[in-house]
Amino acid sequence: MWQSYIFGMYWKHSEQMYYDELPAESKEAAAEFFIDHMRDDVMLVRVEFVGPNEGGVREFAHSPNSPFSPLQARRRLDKDDNAS
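Residues numbered from 1 in each chain as written. Predicted model: local features only at pLDDT ≥ 70, side-chain atom pairs only at ≥ 80, totals over all residues. Heavy atoms only, no water.

1. A closer look at the overall build of the protein chain
As a reminder of what qualifies: Note on conventions: DSSP H or I runs of at least 4 residues are helices, E runs of at least 2 residues are strands, and numbering of each starts at the N terminus. Throughout this description, buried means an accessible area under 20% of the type-specific maximum (1.4 Å probe, protein chains only), exposed means over 50%, and partly exposed covers the range between. Should any heavy atoms of two residues lie within 4.5 Å, those residues are counted as being in contact. Only the protein chains shown count as cover for residues, and all accessible areas are computed by the Shrake-Rupley method using a 1.4 Å probe.
Counting its secondary structure elements, the protein chain contains one helix and three strands. Taking all 84 residues of the protein chain together, 27% fall into the buried category. Within the protein chain, contacts between residues separated by at least 24 positions form 62% of all contacts whose residues are at least 6 apart in sequence. With an accessible surface of roughly 6400 Å², the protein chain has 50% of that area assigned to carbon and sulfur atoms.

2. Observations concerning the pattern of salt bridges
Rules: By salt bridge we mean one thing: a side-chain nitrogen of Lys or Arg within 4 Å of a carboxyl oxygen of Asp or Glu.
In total, this model carries two salt bridges according to the counting rule given. The shortest N-O distance in the salt bridge between Asp-41 and Arg-39 comes to 2.9 Å. For Asp-41, a relative accessible area of 43% gives the class partly exposed. As a salt-bridge pair, Arg-46 and Glu-48 come within 2.9 Å of each other at their nearest N and O atoms. Under the relative-accessibility criterion, Arg-46 is labelled partly exposed at 38%.

3. Looking at the nonpolar core
The condition that has to hold: Each nonpolar core is a collection of buried residues, namely Ala, Val, Leu, Ile, Met, Phe, Trp, Tyr and Cys, held together in the definition by side-chain atoms within 4.5 Å.
Formed by 13 residues in total, the largest nonpolar core has its most connected members in Phe-7, Met-9, Trp-11, Ala-30, Phe-34, Leu-44 and Val-47. Elements represented by at least two residues in this core include exactly strand 1 (5-13), strand 2 (16-24), helix 1 (27-37) and strand 3 (43-52). Leave out the neighbours within four places in its chain, and Met-9 touches Tyr-18, Tyr-19, Asp-20, Leu-22, Ala-30, Ala-31, Phe-34, Leu-44, Arg-46 and Val-47.

4. Section: the sheet that holds strand 3
Going by this rule: A pair of strands counts as paired when DSSP detects no fewer than two bridges linking them. For helices, the axis comes from a line fit to the C-alpha atoms of the stretch in contact; other axes are also lines fit to C-alpha atoms, and the angle between any two N-to-C directions lies between 0 and 180 degrees.
In spatial order, the strands read 2-1-3; together these three strands make up an open sheet with antiparallel pairing. In this open sheet, the two strands that pair with only one neighbour each are strand 2 and strand 3. The sheet shows a mean angle of 25° between the axes of neighbouring strands, direction not considered. As defined by bridge partners, strand 1 adjoins strand 3 across eight bridges and the pair is classed as antiparallel. Bridging from a neighbouring strand, Ile-6 pairs with Gly-51 of strand 3.

5. Here we look at a nonpolar patch on the surface
Here is the rule: Each patch is built from residues lacking any salt bridge and having more than 30% relative accessible area; the joining distance is 9 Å for like charges and 5 Å for nonpolar side chains (Val, Leu, Ile, Met, Phe, Trp, Tyr).
Nonpolar side chains collect at one region of the surface, where Met-17, Met-43 and Val-45 lie side by side and expose about 260 Å² of accessible area between them. One can find Met-43 in strand 3. Residue classification places Met-43 among the partly exposed positions, given a relative accessible area of 48%.

If you want it as C-alpha cells, here you go:
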C-alpha cells in the first residue's frame, strides 16, 4: 500500500530561516523534490518527519516567500480551474 507522509522543510533565504511542509513517500523523496525545484537563491537546511499525511486534516504552512521557482506553479485545490 502506498502511503504519504508530511515532512517539515527548513530552508534559508538571505540569512532568514523559513519553514514549510511537504507531502512525500520518504524523507529522501521530500529532500530530492525540494532540491530539484527550489530557486537558486534558496538553501535547504533540514528535513524533519512530521507525521502521516491524513488527507485534508493538516493545513500546510505558507512561508512569505516561496522556495520554488515561479515557473513551478502549484495547483490550488481549493478553487475550481474551470469555474466561470
